[in-house]
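Overview (structure and organization)
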Amino acid sequence: MARAERPYDVRPQRLYTRDDLMQGWRPGGDHSMTRDGRIYAYVKAHGGRAPDVEEGLAQCTHDHFIDVALARFLMGARRPVVGVMGGSSTLATDPNYRRVVHLASSLTERGYLVVCGGGLGIMEAANLGAYLTHRSRTERDGAVDELAATTPWTTEPAGYMRTADGIRERFAPGAESLAIPAWVNAGEPISQFASHIAKYFSNSIREDGMLAVATAGIVFAPGGAGTMQEIFQDAAQNAYRTFGRSPMTFLDTEHYCAATGLYPALQRQAERLGFSDLLSIGDEPEQVLERFPAGPAPPRLDGMAPEMLVRRMRNAR
């Protein structure tokens with residue numbers, strides 16, 4: 001049987017945009033209509049996370065070229081990168097969604113490049129906040145209110161996509177932000193608000209790269225098991241000084257101290273391993289922003305080529 005034509009370029013020369021991955025969609029349609037959705041379907045039909053040799057080599061080649069495109073973008077941006085992590089199921093009705101929107105706007109305004117996982121929930125809030133950086137607080141609150149009043153993606157994806165697309169169109173052009181998702185969870189939509197999308201097939205490469213590029217620090221909003229994994233992976237990087245030392249800032253003391261106990265547990269290990277000075281926690285964006293001063297120095301790249309930056313990202317351990 002002939003192999004179906006791949007819906008993706010094996011050797012992409014740049015990062016994806018929202019429009020690249022939304023090709024084929026129209027308001028009222030669902031995610032399966034998009035190029036992004038067609039790639040998910042193709043991956044599933046060709047072995048999912050265990051593809052055959054031909055498809056596996058194609059996916060590995062694609063991810064290498066995305067690595068290089070990501071490095072090229074970061075070198076051109078010349079801005080320190082702050083990661084925002086948290087739950088993908090957090091709804092716009094959750095107070096922390098709104099807090100992350102305002103936090104991401106402030107970080108972008110201060111000169112940072114915001115990066116997140118590129119999906120829904122806290123990830124969407126981070127990209128939305130960055131997108132609306134040059135808008136008023138009232139306009140940002142209005143966008144959140146509009147999403148909060150919409151039936152959630154999990155219940156009515158087509159309606160939610162229509163609302164998000166409407167917000168994006170109304171406030172275009174938005175400010176830059178970076179999303180780093182993966183074709184892992186079938187049907188998971190891309191962020192409508194990220195300007196640049198480094199989408200991978202390998203989730204392990206994607207996770208490692210997302211933490212590697214966020215050298216100015218990471219903000220952890222409440223999340224589930226995935227966020228917990230990212231917390232301790234970042235802690236290990238700080239303990240070993242894999243990419244230097246960078247702040248780990250937590251949003252929501254009730255969640256991280258009382259409900260989960262993750263922050264006290266991390267504090268004990270950080271004191272033992274010598275990075276407790278990098279930890280902080282707060283309940284409002286203003287408290288988190290104390291770790292991220294305005295006008296930060298650009299990262300030192302020393303004239304390296306994109307391929308050299310990729311090697312540094314991947315081989316620093």
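Structure: above.
**Points about the overall build of the chain**
- Regarding its fold elements, the chain presents 13 helices and seven strands.
- When its C-alpha atoms are laid out on the principal axes, the chain stretches across 60 × 45 × 35 Å.
- Each of the 317 residues in the chain was classed as buried or not, and the buried ones make up 54%.
- Long-range contacts, defined as pairs at least 24 residues apart, comprise 76% of the intrachain contacts of the chain with a sequence gap of at least 6.
- Just so you have it, the chain exposes about 13,700 Å², and 51% of that area is on carbon and sulfur atoms.
- Of the charged side chains in the chain, 34 are positive and 37 negative; the average position of the first set lies 5 Å away from that of the second.

**Some details on the packing of helix α6 (residues 137–148) against helix α7 (residues 157–170)**
- Axis separation between α6 and α7 bottoms out at 10 Å; the angle between their running directions is 165 degrees. Considered as vectors, α6 and α7 are oriented roughly antiparallel to each other. Like other packed secondary-structure pairs, α6 and α7 cross with a definite hand, here right-handed. Here Ala143, Glu146 and Leu147 of α6 come into contact with α7, specifically with Tyr160, Thr163, Ala164, Ile167 and Arg170.
- The class makeup of the residues in the contact of α6 with α7 is five nonpolar, one polar and two charged.

**Focus on the pattern of salt bridges**
- Enumeration over the complete set of coordinates arrives at 16 salt bridges.
- Between Asp20 and Arg14 there is a salt bridge whose closest N-O contact spans 2.7 Å.
- Taking relative accessible area as the criterion, Asp20 reaches 11% and is therefore assigned buried.
- By relative accessible area, which is 48% here, Arg14 ends up partly exposed.
- With a closest N to O distance of 2.8 Å, Lys199 and Asp36 form a salt bridge. Here Lys199 is found in the loop between β4 (196–197) and α8 (203–213), whereas its partner Asp36 is found in helix α2 (residues 35–45), with 163 residues between them in sequence.

**Re the pairing of strand β1 (residues 81–85)**
- Burial analysis of β1 places five of its five residues in the buried class, the great majority of the element.
- Because side chains alternate across β1, one face comprises the buried residues Val81, Gly83 and Met85, and the other comprises Val82 and Val84, equally buried.
- Summarising the sheet, β1 and strand β2 (residues 113–116) pair through three bridges and their orientation is parallel. Its bridge partner being in β2, Val82 is matched across the sheet by Val114.
- Since β1 and β2 lie parallel, the crossover through helix α4 (residues 95–109) that links them has a hand, and here it is right-handed.
- Alignment of β1 against strand β5 (residues 218–220), held across three bridges, turns out to be parallel. Opposite Gly83, over in β5, you have Ile218 as the bridge partner.

**Overview of the sheet that holds β1**
- Spatial ordering of the open sheet is given by β4-β3-β2-β1-β5-β6-β7, a layout of seven strands whose pairing is parallel. Strands at the two margins of the open sheet, each flanked by one partner only, are β4 and β7 (279–282).
- Pairing geometry for strand β6 (residues 248–251) and β7, over four bridges, is parallel. Note that in β7 the partner of Phe250 across the bridge is Ile281.
- Strands β6 and β7 of the sheet are contacted by helix α11 (residues 262–273), whose axis makes an angle of about 160 degrees with β7.

Conventions and cut-offs
Numbering of residues starts from 1 in each chain and follows the order in which that chain's sequence is written. Selection of residues for local features in this predicted model requires a pLDDT of at least 70, selection of side-chain atom pairs for listing and counting requires 80 or more, and totals for whole chains, interfaces and linings are taken over all residues. As a rule here, side-chain values cover all heavy atoms of the structure and leave hydrogens and water aside. Where helices and strands are cited, they refer to DSSP runs of H or I of at least four residues and of E of at least two residues respectively, numbered from the N terminus. When accessible area is computed with a 1.4 Å probe and restricted to protein chains, residues below 20% of their type maximum are described as buried, those above 50% as exposed, and intermediate ones as partly exposed. Contacts are residue-level and defined by heavy atoms, with any inter-residue pair within 4.5 Å sufficient. A 1.4 Å probe and the Shrake-Rupley method give the accessible areas. Residues count as covered only by the protein chains that appear here. Residues scored as charged are limited to Lys and Arg (positive) and Asp and Glu (negative), so that His and the chain ends carry no count. Here the site of a charge means NZ on Lys, CZ on Arg, CG on Asp, or CD on Glu. Angular values range over 0 to 180 degrees, each being the angle between N-to-C directions of two axes fitted as lines to C-alpha atoms, with helices fitted over their stretch in contact. In this scheme, roughly parallel covers angles under 35 degrees and roughly antiparallel covers those over 145, while 65 to 115 is roughly perpendicular and the rest are oblique. Take the far helix as the reference: if the near one is turned anticlockwise from it by less than a right angle, the crossing is left-handed, and if turned clockwise, right-handed. As a working rule, the residues Ala, Val, Leu, Ile, Met, Phe, Trp, Tyr, Cys and Pro are called nonpolar, Asp, Glu, Lys and Arg charged, and the rest polar, with Gly in that last group. Each reported salt bridge corresponds to a side-chain nitrogen of Lys or Arg within 4 Å of a carboxyl oxygen of Asp or Glu. Two strands qualify as a pair provided that DSSP identifies no fewer than 2 bridges between them. Handedness of a crossover is defined as follows: with both strands directed away from the viewer, a clockwise route from the first strand across the helix to the second makes it right-handed.

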